[in-house]
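Structural features, examined
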Amino acid sequence: MRKLAIGIATSGALALTGLLAPVASAATSPDLVFSAVTVNSGKAVAVGTTATVKVPVTYTLTHPSDLTIDYQTTFAGVLLYRGTLSRMANEIDPEDDAPTCTTTATTDTTVTESCKETLSIEPENLYSASDATTWKAAGLYSKIDQDDDDSDGHISLDYNYDAWGPLGSGVQIKRTAKLTVNASPEPVKKGGTITVTGKLTRANWETGTYTGYTSQKATLQFRAKSATSYTTVKTVTSGTGGALKTTTKATKDGFYRYVFAGTTTTGSATVAGDYVDVR
C-alpha cells in the first residue's frame, strides 16, 4: 500500500497520503507538534474480509502562525503504521477528507487546533496475520509544489514529507470473529439432553475468507424464555475447523448461544440465541 500523500494538484482535488521516501530536510521541516492523539477512543478495531472500517482519530495540532495548511498543496494529519517511521511494514493513511480542525489558542508565533479525522481501514490493505497487532500513530506534514506548462511535455514536482511518531498509545487492529449456534432436538422433553453445536471462525485477510479458529474457549449461555439476561452454562473449547459441541439438560424453554471473549489478535463475538421448546 503506497498512496501519494498529496495528489498531483492539476485537478485541485484532495488526494491524500501514502508514503513516498521522505525528502524534507531539517531546514525545510515545519515546527509542528501533535499531541493528545487518540485513535478509536482507545478501543481495539476489528476488521473483517469485505467491509471498510471507519476509525475516528482526535488530536491537538500546534503549528507556526505563518504556516498555511490548505489541504490542497499542504496537508497535516495522523496515520497509523507498523514497524518504524523509516521502514514501515504497513501503513493506514488519511485518503479522502481533510481533518476538521477548530482553533483553540493562538500566540504571536503559534496556532493550536483541536482536530478530528477519519481513517478508513480496508481489508485488502491488511496483508497478513502480522497486521493483527498494535499499530502506532504518527503525525504527518506534506507539501507539494507542482508546475505544469499546459502541455504533456514537462512537469515540475517538488515534494516534501515529514512524520513524527510514535504518538499516543496507537490502536490494536484485530481480525473479526464470527460464531454460529444450533441447539437440538427441537422440541425436547423436559430432562432430556440438548446438543449445542456451533462454529468459531475469524477473518483471514490473505484469502478474504473466514476460517476456523481452533483451541479457543467459548462460553455456552442460556436465557429462559421469560428472562431478560443470559447465564453461563459451561465453557467449550473449539476443535477442528473451529467446531463447538457440548450437551446440557433441558429444564425450561429458552435460548442457547455461544460467546467468544476475543484474544489479542481476534475480536469478540456473540451469536443470537437459538430457541428450544421444552415439553
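Keep in mind that this is a model prediction, so the values were computed, not measured.

What counts, and where the lines are drawn
- Residues numbered from 1 in each chain as written.
- Predicted model: local features only at pLDDT ≥ 70, side-chain atom pairs only at ≥ 80, totals over all residues.
- Heavy atoms only, no water.
- Core = buried A, V, L, I, M, F, W, Y, C linked by side-chain atoms within 4.5 Å.
- Buried < 20%, exposed > 50% of the residue type's maximum accessible area, 1.4 Å probe, protein only.
- Helix = DSSP H or I, 4+ residues; strand = E, 2+ residues; numbered from the N terminus.
- Contact = heavy atoms within 4.5 Å.
- Disulfide = S-S within 2.5 Å.
- Salt bridge = Lys/Arg side-chain N within 4 Å of Asp/Glu carboxyl O.

This part is about the nonpolar core. Among the nonpolar cores identified, the biggest contains 40 residues, and Phe34, Ile121 and Ile173 are the most heavily contacted of them. When residues of this core are traced back to their parent elements, those giving at least two are strand E1 (33-39), strand E2 (45-47), strand E3 (53-64), strand E4 (74-83), strand E5 (88-92), strand E7 (110-121), strand E8 (134-148) and strand E9 (155-175). If sequence neighbours within four positions are ignored, Phe34 has contacts with Tyr59, Thr60, Leu61, Ala76, Gly77, Val78, Gly139, Leu140, Trp164 and Leu167. By size, the runner-up hydrophobic cluster in this structure holds 23 residues, among which are Ala218, Ala224, Ala250 and Tyr258.

Here the focus is the state of the cysteines. Under the definition given, this model contains one disulfide. Residue pairing for Cys101: its cysteine sulfur links by disulfide to Cys115, the two sulfurs lying 2.1 Å apart. Residues Cys101 and Cys115 are joined by a disulfide whose S-S torsion is about 115°; by sign, that bridge is right-handed. A residue pair is termed long-range when its members are at least 10 positions apart, and Cys101 in strand E6 (residues 100-106) and Cys115 in strand E7 qualify at 14 residues.

Tallied over the full model, the rule gives two salt bridges. Put simply, Arg82 and Asp131 hold a salt bridge, and the shortest N to O gap is 2.6 Å. Separated by 49 residues along the polypeptide, Arg82 in strand E4 and Asp131 in the loop between E7 and E8 bring together distant segments of the chain. Accessibility expressed as a relative area gives 17% for Arg82, which makes it buried. Among the residues examined, Asp131 registers a relative accessible area of 0% and is labelled buried.

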